[in-house]
Amino acid sequence: MDIKYILAEKVRQAMTQCHITTDKPVSARPSARPEYGDYQIDSMMAIAKSQATDPLKLAQRVAGALMNNSQYRHIIARAEAVHPGFINLFLNDRWLLEQAELAFNDPRSGVARQPAQHVVVDYSSPNVAKEMHVGHLRSTIIGDASVRTLEFLGHKVTRVNHIGDWGTQFGMLITYLELAENDGNISLSDLEGFYRAAKKRYDEDPAFALKARSYVVKLQQGDEYCRRMWHKLVDISMAQNQKNYDRLGVSLQRKDIRGESAYNDMLPEIVDDLLERGIATAEQETVMVFLDSYRNKQGEPMGVIVRKQDGGYLYTTTDIACAKYRYQALHADRILYYIDARQHQHLMMAWEIVRRAGYVPPQVSLEHHKFGMMLDKEGKPFKTREGGTIRLAELLEEAVVRAHKLVSEKSPDLSAAELTELSEVIGIGAVKYADLSKNRITDYVFDWDTMLSFEGNTAPYIQYACARISSILRKAESSHPLATTLSGDLLFSSATERSLTVKLLQFEEALLAVAKEGMPNIMCNYLYELASLFSGFYASSPILSHDHPAERQSRLALAALTGRVLRQGMDTLGLKAPQRM
């Protein structure tokens, strides 16, 4: 249920009855304080300005229309206009209970399926021949939260793991391995050492560099030996990456990989097309596209190289091919990229060429959902004490070890198996949630103590709320018949019950916002507020010990619905909700 949309529609209808016409949008938002109602309409100011009228008087007319028509009173108990032109809306308690009953009896907790779009999401994108490091975490888990949310809402999602599996580094590695006569078993840690040695030799030995470049050409031309070694390097890297994905609870699989190499055959055709249509120009065998919207220091249009003088192609050419393929072959309605903020201009320039060439029409959205960096407590990029890059596998292992120590101290009666399982759930969940709960556009500070805390906006706090609700329901099942419906005869017996119900009914609004903006922190904030409201409800409203059977049953149903919404929300973030803690 999208209450914001429902209320905005009612306000638009009331405006029509008042003969108020406008092309300005009308929107509702949850009120910041209870005295301002459950929702507020602040659109009257913009509408009044466009019509050169008093916003307060306009708001009073609309509020009056809402109150004088019985079709609105079923949903809106009270509408009041306040200075300078807000409309405060108080929802009808009976309607809230009816909607909560519908949500309770719906496995989807009242969330409607949206008209399905085909959304292609590009995320994670590690390099081959290197282990994933902490710099890959944000793209991987933010992108995965996005695809999980989109799928829950009913969209068709194609995951794309655009790995760096092409280019000069493979020529260097294949040459190095051939000279070392190493064609046998290789581990990923071996590869990293080989890569460093190959890079050093490439920079220092002209003959080695020449052979490496020739092997890149052979690889592009399909040479059997080069292709066999290339496949080996890719397989070794992705096998280790899949272990990280599985431990993180990320839904990427081997079938989702479509690396740079997949677009190799498209590049000559694209460059020829750009030249033929006058979009690109050739200068001494270098092919460039000049963009008027990007200027150099001299005020001249910037040139974007799409083919080098030696016939090689650049990342820009590949990204043009990616967008073209995702629309023309995959038939995407919307294309999302979860890529580092530092790549923003690069993507914008590539997409300008894509639009100019007509490879992706304007109605298909190309969106860069950029993100900031992970920093240490001193505000510097998060690295080892020695200044090296932290491997993702090592970070996850440390999270589980820290969680194990914490859980064993808090719950010493757990069996060894329970302790191991819970440590994994809490440790991995803490790392993911700490990242997901931050606005992805900004940098954020990595702090072990904060992320593993059972207080505040953290994964353990949300997980503990889930475990507490599970405990309540288990005890209720053994002592009372568990509620299966909310009775329409029930009234709210406390303000905390009403506040919790309103928040439960806002679940769809949070999902829609995440799907639109690609901001998982919206869901994190929603879950934290929901868990906090449940904590207040639990403290002030006895459930199992309540003497009145009907009210006890209603409170049990509210607890059960809260538990389900918390679990469903956490699942969209790729987090697990334990039954016990």
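Residues numbered from 1 in each chain as written. Predicted model: local features only at pLDDT ≥ 70, side-chain atom pairs only at ≥ 80, totals over all residues. Heavy atoms only, no water.

A. Quick peek at the packing of aromatic side chains. Tallied over the entire structure, the rule returns ten aromatic pairs. Considering the side-chain rings of Tyr263 and Tyr325, the 5.8 Å spacing of their centres and the 80° angle between planes classify their relative orientation as edge-to-face. Remark: Tyr325 occurs in helix H12 (residues 315-328) and Tyr263 occurs in the loop between helix H10 (224-248) and helix H11 (267-276); sequence separation between them is 62 residues. Ring plane angle 20° and centroid distance 5.9 Å describe the contact between Phe507 and Tyr526, whose orientation is recorded as stacked. On the criterion of sequence distance, the pair formed by Phe507 in helix H19 (residues 507-517) and Tyr526 in helix H20 (residues 520-540) is long-range, its members being 19 residues apart. (Phe/Tyr/Trp six-rings, centres within 6.5 Å; stacked < 30°, edge-to-face > 60°. Helix = DSSP H or I, 4+ residues; strand = E, 2+ residues; numbered from the N terminus.)

B. Quick look at the nonpolar core. Counting residues in hydrophobic clusters, the biggest one holds 119 residues, and the most contacted among them are Met44 and Leu395. Counting 34 residues, the second-largest nonpolar core is a separate cluster that includes Val120, Ile335, Ile353 and Val360. (Core = buried A, V, L, I, M, F, W, Y, C linked by side-chain atoms within 4.5 Å. Buried < 20%, exposed > 50% of the residue type's maximum accessible area, 1.4 Å probe, protein only.)

C. Up close: the UniProt feature "domain: Arginyl tRNA synthetase N-terminal" (unreviewed entry) in the protein. In the numbering adopted here, UniProt assigns the feature "domain: Arginyl tRNA synthetase N-terminal" (unreviewed entry) to residues 1-91. Secondary structure content for residues 1-91 is 43% helix and 21% strand, while the C-alpha to C-alpha distance between its ends is 14 Å. (UniProt positions renumbered as here; feature names shortened; annotations may be inferred.)

D. Focus on the packing of helix H1 (residues 3-17) against helix H3 (residues 55-67). H3 packs onto H1 with a crossing angle of 105° between their chain directions and a minimal axis gap of 9 Å. Taken together, the axis directions place H1 and H3 in an arrangement best described as roughly perpendicular. Side by side, H1 and H3 meet where Lys10, Val11, Ala14 and Met15 of the first sit next to Val62, Ala65 and Leu66 of the second. Classifying every residue of the contact of H1 with H3 by side-chain character gives six nonpolar, no polar and one charged. (Axes fitted to C-alpha atoms, helices over the stretch in contact; angles between N-to-C directions. Parallel < 35°, antiparallel > 145°, perpendicular 65-115°, else oblique. Contact = heavy atoms within 4.5 Å. Nonpolar A, V, L, I, M, F, W, Y, C, P; charged D, E, K, R; others polar.)

E. Examining H20 more closely. In this model H20 runs 31 Å from its N-terminal to its C-terminal C-alpha over 21 residues, within 8% of the 30 Å that 1.5 Å per residue would give. Of the residues making up H20, those classed as buried are Pro520, Asn521, Met523, Cys524, Tyr526, Leu527, Leu530, Ala531, Phe534 and Phe537. (Expected span 1.5 Å × (residues − 1).)

F. Quick look at the layout of surface pockets. Of the volumes computed, that of the largest pocket is approximately 1,100 Å³. The wall of the largest pocket is formed by 39 residues, among which Ser125, Asn127, His136, Asp340 and Gln343 lie closest to the centre. Looking at the lining of the largest pocket, the elements with two or more residues in it are helix H6 (137-152), H12 and helix H13 (344-357). Top contributing element to the lining of the largest pocket by residue count: H12, with three residues. Tallied by class, residues from the lining of the largest pocket come to 16 nonpolar, 15 polar and eight charged. The computed volume of the second largest pocket comes to approximately 630 Å³. Breaking the lining of the second largest pocket down by element, the ones donating at least two residues are helix H7 (168-179), helix H9 (206-220) and H12. Per element, the largest residue contribution to the lining of the second largest pocket is four residues, and it comes from H9. Its residues assigned to classes, the lining of the second largest pocket comprises eight nonpolar, eight polar and four charged. (1 Å grid on protein atoms, 1.4 Å probe; cavity = no way out; pocket = protein on both sides within 12 Å on 5 of 7 lines; lining within 4 Å. Points joined across faces, edges and corners; volume = space filled by probe spheres on them.)

G. Structural detail: unusual backbone geometry. Residue Pro84 is reached from His83 by a cis peptide bond, and omega for that bond is 5°. Among the structural elements, Pro84 can be located in the loop between strand S3 (76-82) and strand S4 (86-91). Positive phi is not limited to glycine here, since Gln284 has a value of about 55°. Inspection of the secondary structure assignment puts Gln284 in the loop between strand S7 (281-283) and strand S8 (286-295). Positive phi values are uncommon outside glycine, yet Glu285 reaches one of about 75°. Here Glu285 is to be found in the loop between S7 and S8.

H. Representation of the confidence of the model for the protein. Looking at the protein as a whole, its pLDDT mean stands at 91, while 96% of the residues score no less than 70. pLDDT under 50 marks residues 483-488. Its contacts with residues more than four places away, or in other chains, come to 17 contacts. (pLDDT = per-residue confidence, 0-100.)

I. Main features of the state of the cysteines. With the rule as written, the count across this model stands at zero disulfides. The cysteine Cys466 is free of any disulfide, with Cys524 supplying the nearest cysteine sulfur at 13 Å. Using a relative accessible area of 3% as the deciding quantity, one classes Cys466 as buried. (Disulfide = S-S within 2.5 Å.)

J. Highlighting the sheet that holds S8. The strand order across the open sheet built from three strands is S7-S8-S9, with neighbouring strands paired in antiparallel fashion. Strands with a single pairing partner mark the edges of an open sheet, and in this sheet they are S7 and strand S9 (301-307). The mean inter-strand angle of the sheet, taken between neighbouring strand axes irrespective of direction, is 45°. Pairing of S8 with S9 involves six bridges; the strand directions are antiparallel. Across the sheet, the residue bridging to Val287 is Arg307, located in S9. On the sheet, H13 packs against S8 and S9 and is oriented at approximately 105° with respect to S8. (Pairing = 2+ DSSP bridges.)

K. Spotlight on the sheet that holds strand S1 (residues 28-30). Read across the open sheet, the four strands follow the order S1-S2-S4-S3; overall the sheet is antiparallel. Looking along the sheet, the strands with just one partner apiece sit at the ends: S1 and S3. Neighbour to neighbour, the strand axes of the sheet diverge by 25° on average, direction disregarded. Relative to S4, S3 is paired through six bridges, and the arrangement is antiparallel. Looking at S4, one finds that Ala81 is bridged to Ile87. The strands touched by H3 within the sheet are S3 and S4, with S3 carrying the most contacts at an inclination of about 165°.

L. Molecular detail of the side chain of Asp38. Mapped onto the secondary structure, Asp38 falls in the loop between S1 and strand S2 (39-41). Separated by 2.7 Å, the side chain of Asp38 and the backbone nitrogen of Leu91 make a polar contact. Setting aside anything within four residues of it in sequence, one finds Asp38 in contact with Arg29, Pro30, Ser31, Leu89, Phe90, Leu91, Arg498 and Val502. (Polar contact = N/O pair within 3.5 Å; in protein donor to acceptor, adjacent residues only side chain to side chain.)

M. Highlighting the packing of H7 against H10. Where H7 meets H10, the axes come as close as 10 Å, and the angle between the chain directions of the two elements is 100°. In terms of axis orientation, H7 runs roughly perpendicular to H10. Judged by residue contacts, Phe170, Leu173, Ile174, Leu177 and Glu178 of H7 engage Tyr225, Cys226, Met229, Trp230 and Leu233 from H10. Looking at the contact of H7 with H10 residue by residue, the classes come out as nine nonpolar, no polar and one charged.

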